[in-house]
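# Examination of the molecular architecture
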Amino acid sequence: EHINDKGSVAIVYGMPTDPQIMRVGLWRGDQLTPLPEMRSLAALNNLDEVLGQSTEGPARAAMWRNGQMFDLTRELQAQGLLPSAALAYLGHSINDRGSVVLDVSDNNAYYTVRAAAKRP
């Protein structure tokens, strides 16, 4: 799906026991790191940060970084970058500084935003 300048690849793959079950993973060198907390994949930057959607609850934008999953709605609200009623539900892109482009809903209004959040 996505490759960065280091040669890391973010992929969506089917499970050998049931190809209908799709998973997200990060392939670095000869090692695949499954990202079971992610239901979809949107982007990968050169720091091996993966942007996608969390499997937790309804669709929520999430970022995987250094073995941890971060809910971007919670992170951006904590930093004062999203109103408390808003929901970042889909990620599109992430750069090497950690800025992201997300789809957000807020009181039945839908928009795309760029957020330059501090890294969690």
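One can find the structure itself at the top, above this paragraph.
Residues numbered from 1 in each chain as written. Predicted model: local features only at pLDDT ≥ 70, side-chain atom pairs only at ≥ 80, totals over all residues. Heavy atoms only, no water.

### Some details on the sheet that holds strand β10 (residues 100–106)
Rules: Strands are labelled as partners when DSSP assigns at least two bridges between them. Only DSSP runs of H or I reaching four residues or more are called helices, and only runs of E reaching two or more are called strands; each is numbered from the N terminus. Here an angle of 0 to 180 degrees is reported between the N-to-C directions of two axes, which are lines fitted to C-alpha atoms, with helices fitted over the stretch in contact.
Strand order in the open sheet formed by three strands is β9-β10-β11, with antiparallel pairing between adjacent strands. At either end of the open sheet lies a strand with only one pairing partner, and these are β9 (87–94) and β11 (109–115). Within this sheet the neighbouring strands show an average axis-to-axis angle of 25 degrees, counted without direction.

### A look at the pairing of strand β4 (residues 31–34)
Bridge analysis of strand β3 (residues 18–28) against β4 gives four bridges, and the strand direction is antiparallel. Within β4, the residue paired with L26 across the bridge is T33. Counting the residues in the hairpin turn of β3 and β4 gives two residues, including G29, whose phi is positive at 60 degrees.

### With respect to the environment of L82
Keep this limit in mind: For every residue, the accessible area obtained with a 1.4 Å probe (protein chains only) is divided by the maximum for its type, and the residue is called buried under 20%, exposed over 50%, and partly exposed between those limits. It only takes one pair of heavy atoms within 4.5 Å for two residues to be counted as in contact.
In this fold, L82 is placed in the loop between α1 (72–78) and β9. Judged by relative accessible area, which is 10%, L82 ranks as buried. In contact with L82, other than residues within four places in its own chain, are T73, L76, Q77, A88 and V104.

### A look at the side chain of S105
With respect to the helices and strands, S105 occurs in strand β10. For S105, the residues in contact, after removing those within four places along its chain, are A85, A86, L87, Y89 and Y110.

### Description of the pairing of β10
Buried residues dominate β10, accounting for six of its seven residues. Here β9 pairs with β10 via six bridges, running antiparallel. Residue pairing for β10: A88 is matched across the bridge by V104. In textbook terms, the turn of a hairpin is the stretch between consecutive antiparallel strands, and for β10 and β11 this stretch comprises two residues, one of which, N107, has a positive phi near 50 degrees.

### A word on the pattern of salt bridges
Here is the rule: The term salt bridge refers to a pairing of a side-chain nitrogen on Lys or Arg with a carboxyl oxygen on Asp or Glu at a separation within 4 Å.
Applying the stated criterion to the full structure yields six salt bridges. With its nearest N and O atoms 3.2 Å apart, the salt bridge here joins K6 to D48. Taken together, the positions of K6 in the loop between β1 (2–3) and β2 (9–15) and D48 in the loop between β5 (38–44) and β6 (50–54) put the pair 42 residues apart, joining distant regions of the chain. Among the salt bridges present, the one from D71 reaches R60, with a minimum N-O distance of 2.5 Å. Of this pair, D71 sits in strand β8 (residues 68–71) while R60 sits in the loop between β6 and β7 (61–65); the two residues are 11 residues apart in sequence, bridging distant segments of the chain. Just as D71 is buried, R60 falls in that class too.

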